[in-house]
Amino acid sequence: MSLTAISLVLFAGFLTLTAIWVLEIMARAVGLMRAKRTGEQPVNEISDKCDYTTFCEVFGGMPGKISCQVVMALYVYGAMWAYVATFASTLQMFFTLYIYDTDSPVIYYACVGIYFCIVLPLTMLDLAEQAILQAFLTVYRFFAFAVMVCTVVAGFIYGGGYPISGSASVASDEASIWGFKWSGFGIMFTSTAFALTVHYNMPNSLSPVRNKKNLRLIALAAILTAVFFYFAVGGSCALYFTDQTNPLVVLNWRDYTGDKGGWGGSTKWWGIVIQLLILFFPILNLSNDFPLVAITLATNLDQFVPKKWLTTPRRRLTARLAIRFACVVPPVIAGTLLGELDKIFTFSGMFAFFLVFIIPCVYQWLSKRTMVKLYGKGADRTPYSGFYSHDAFVLVALVVGLAAFALAFVDAVLPSSVLL
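Residues numbered from 1 in each chain as written. Predicted model: local features only at pLDDT ≥ 70, side-chain atom pairs only at ≥ 80, totals over all residues. Heavy atoms only, no water.

Points about the overall build of the protein chain
Per the secondary structure count, the protein chain includes 13 helices and 0 strands. Tracing the protein chain from N to C terminus, the helices and strands come up as α-α-α-α-α-α-α-α-α-α-α-α-α. For the protein chain, contacts bridging at least 24 residues in sequence account for 80% of all contacts bridging at least 6. Carbon together with sulfur atoms contributes 69% to the accessible area of the protein chain, which is approximately 19800 Å² in total. (Helix = DSSP H or I, 4+ residues; strand = E, 2+ residues; numbered from the N terminus. Contact = heavy atoms within 4.5 Å. Areas by Shrake-Rupley, 256 points an atom, 1.4 Å probe, with all protein chains shown as cover.)

As for the side chain of Thr-257
Within the secondary structure, Thr-257 sits in the loop between helix H8 (215-241) and helix H9 (269-279). Once residues within four sequence positions are removed from consideration, Thr-257 is found in contact with Gly-262, Trp-263, Gly-264, Gly-265, Ser-266, Thr-267, Lys-268 and Gly-271.

Quick look at the packing of aromatic side chains
Considering all chains together, one arrives at 29 aromatic pairs under this definition. Summarising the aromatic geometry, the rings of Tyr-240 and Trp-263 are spaced 5.4 Å apart at their centres and angled 45° between planes, so their arrangement reads as tilted. With Tyr-240 in helix H8 and Trp-263 in the loop between H8 and H9, this pair connects stretches of sequence that are 23 residues apart. Each member of the pair Tyr-240 and Trp-263 is classed as buried. Between Phe-387 and Phe-393, the aromatic rings sit 5.9 Å apart at their centres with planes inclined by 70°, giving edge-to-face as the arrangement. An aromatic cluster of at least three residues, connected via ring pairs, comprises Phe-136, Tyr-140, Phe-142, Phe-145, Phe-228, Phe-229 and Phe-281. (Phe/Tyr/Trp six-rings, centres within 6.5 Å; stacked < 30°, edge-to-face > 60°. Buried < 20%, exposed > 50% of the residue type's maximum accessible area, 1.4 Å probe, protein only.)

A closer look at the confidence of the model for the protein chain
Chain-level statistics for the protein chain give a pLDDT mean of 82 and a share of 89% at 70 or above. Of the regions scoring below 50 in pLDDT, residues 166-178 engages in 22 contacts with residues more than four places distant in sequence or in other chains. (pLDDT = per-residue confidence, 0-100.)

Topic: helix H3 (residues 105-123)
Every α-helical turn comprises 3.6 residues, leaving residues that sit three or four positions apart pointing alike. Compared with the 27 Å implied by 1.5 Å per residue over 19 residues, the 27 Å span of H3 between its first and last C-alpha is a close match. Ile-107, Tyr-108, Cys-111, Val-112, Tyr-115, Val-119, Leu-120, Leu-122 and Thr-123 are the residues of H3 that are buried. Against helix H2 (52-98), helix H10 (281-301) and helix H11 (313-337) lie the buried residues of H3. (Expected span 1.5 Å × (residues − 1).)

Here we look at the pattern of salt bridges
In this structure the tally under the stated criterion is 5 salt bridges. In this structure, Glu-57 and Lys-65 form a salt bridge, with 3.6 Å as the shortest nitrogen-oxygen distance. Owing to a relative accessible area of 31%, Glu-57 belongs among the partly exposed residues under this scheme. Under the relative-accessibility criterion, Lys-65 is labelled buried at 7%. For Arg-369, the salt bridge identified is with Asp-391, shortest N-O distance 2.4 Å. Of this pair, Arg-369 sits in helix H12 (residues 341-375) while Asp-391 sits in helix H13 (residues 391-413), placing them 22 residues apart in sequence. One network of salt bridges, in which partners are shared, links Lys-368, Arg-369 and Asp-391. (Salt bridge = Lys/Arg side-chain N within 4 Å of Asp/Glu carboxyl O.)

What to know about the packing of H2 against H12
The N-to-C vectors of H2 and H12 enclose an angle of 160°; their axes lie 9 Å apart at closest approach. Relative to H12, the element H2 is oriented roughly antiparallel. Two packed elements cross with a definite hand, and for H2 against H12 that hand is left-handed. For the contact of H2 with H12, a count of residues per class yields 26 nonpolar, 7 polar and no charged. (Axes fitted to C-alpha atoms, helices over the stretch in contact; angles between N-to-C directions. Parallel < 35°, antiparallel > 145°, perpendicular 65-115°, else oblique. Left-handed = near helix turned anticlockwise from the far one by under 90°. Nonpolar A, V, L, I, M, F, W, Y, C, P; charged D, E, K, R; others polar.)

Quick look at the environment of Ala-154
Along the chain, Ala-154 falls in helix H4 (residues 131-158). Using a relative accessible area of 35% as the deciding quantity, one classes Ala-154 as partly exposed.

Quick word on the nonpolar core
Within the largest apolar cluster, 115 residues are counted, with the highest numbers of intra-cluster contacts made by Phe-55, Trp-253 and Phe-290. When residues of this core are assigned to their parent elements, the largest contribution, 21 residues, is made by H2. Residues contacting Phe-290, with those up to four places away along its chain left out, are Met-80, Tyr-83, Val-84, Tyr-115, Val-119, Thr-123, Val-328 and Pro-331. (Core = buried A, V, L, I, M, F, W, Y, C linked by side-chain atoms within 4.5 Å.)

Describing unusual backbone geometry
It is generally the case that most residues other than glycine have a negative phi and that most peptide bonds are trans. For Lys-260, which is not glycine, the phi dihedral falls at a positive 50°. Here Lys-260 shows up in the loop between H8 and H9.

Some words on H11
Along its 25 residues, H11 runs 37 Å from first to last C-alpha, staying within 8% of the 36 Å computed at 1.5 Å per residue. Within H11, the full set of buried residues consists of Ala-319, Ile-323, Arg-324, Cys-327, Val-328, Pro-331, Val-332, Ala-334 and Gly-335. Residues of H11 that are buried sit in contact with H2, H3 and H10.

Shown next, in the form of structure tokens:
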């Protein structure tokens, strides 16, 4: 547990650094593209939209663009695959808990179908058309996280540990909580990389911000907020639920009663309210997250459509809807066939390493070299540059990313007994 916390802090530090580098690279790409059009000196500011594949093409050519697009597509498909599995598992649990107790796989497949019917029309909308929904769910997220932490803290205060039959007590499991096994490092790295990957979505998420000088602060605040809640929710749940912590942690609240620490005694009416509030969290949250990620992928895939196919508004609309449909279907099919979250996170986390470590590090170095070579010393400076922009930091982050990726890959390939 303690080593996991330290690793999460270190990862968050490096990921914050690479997120700021993404802002620098975007600014240089915009400056270079404008300078080539006007013939003037570059002004490295994010005044125009510049996504991941655009700056990869500007500084890496077509090979850079294609390799970036492949990595991003595989990661995003993996993320949406996890959303499908999480939604379907939660909704299936609701059905068996409140309607009819059955372990038939047909229920799971039906839940996947319901999710498809929800996210498909939302994916066809632009982000601006979902502003109210996004604002509501943002408030709901913070509230749900706060309730989760507060109920677990109440359980600690009441004492006795998690009372559900079959769980290990805090005392008996203390050694395994505060110790570590090498065999768990791989999934920890991939899960952390998966959870804190915001880099690829930054161009779309930050484009509405008017004062672009605040982008560095916004990126820093977003990652630190995510880390805080991962610590608060993940740490408290791991300590309280011990070996009974569900991979989809909200499912631990299906037994919540609101009595005797929260998981004992008889069920109170407020216990049912809290139970439903938390259990509904992934259902509502993922109904919003999936379209956001799918639209980001579709925006990048739009660039590969030949312009000769887009000669009329109707053709442009058809192409846009077809690409978004293609973004939705594969993860839904994958979620139908396999719903094991640990395997999905391992798959997606492998590609997340490239998005949060490899690509930012490589293009931070490459973009700086390109600007200095073309326009002289100082041409690589941006409003987001600082001491952390030095090549030494880039090298350290790249080495850490490659080492973590190698360990995660070995952990995924070799049996866990080899790494004990």
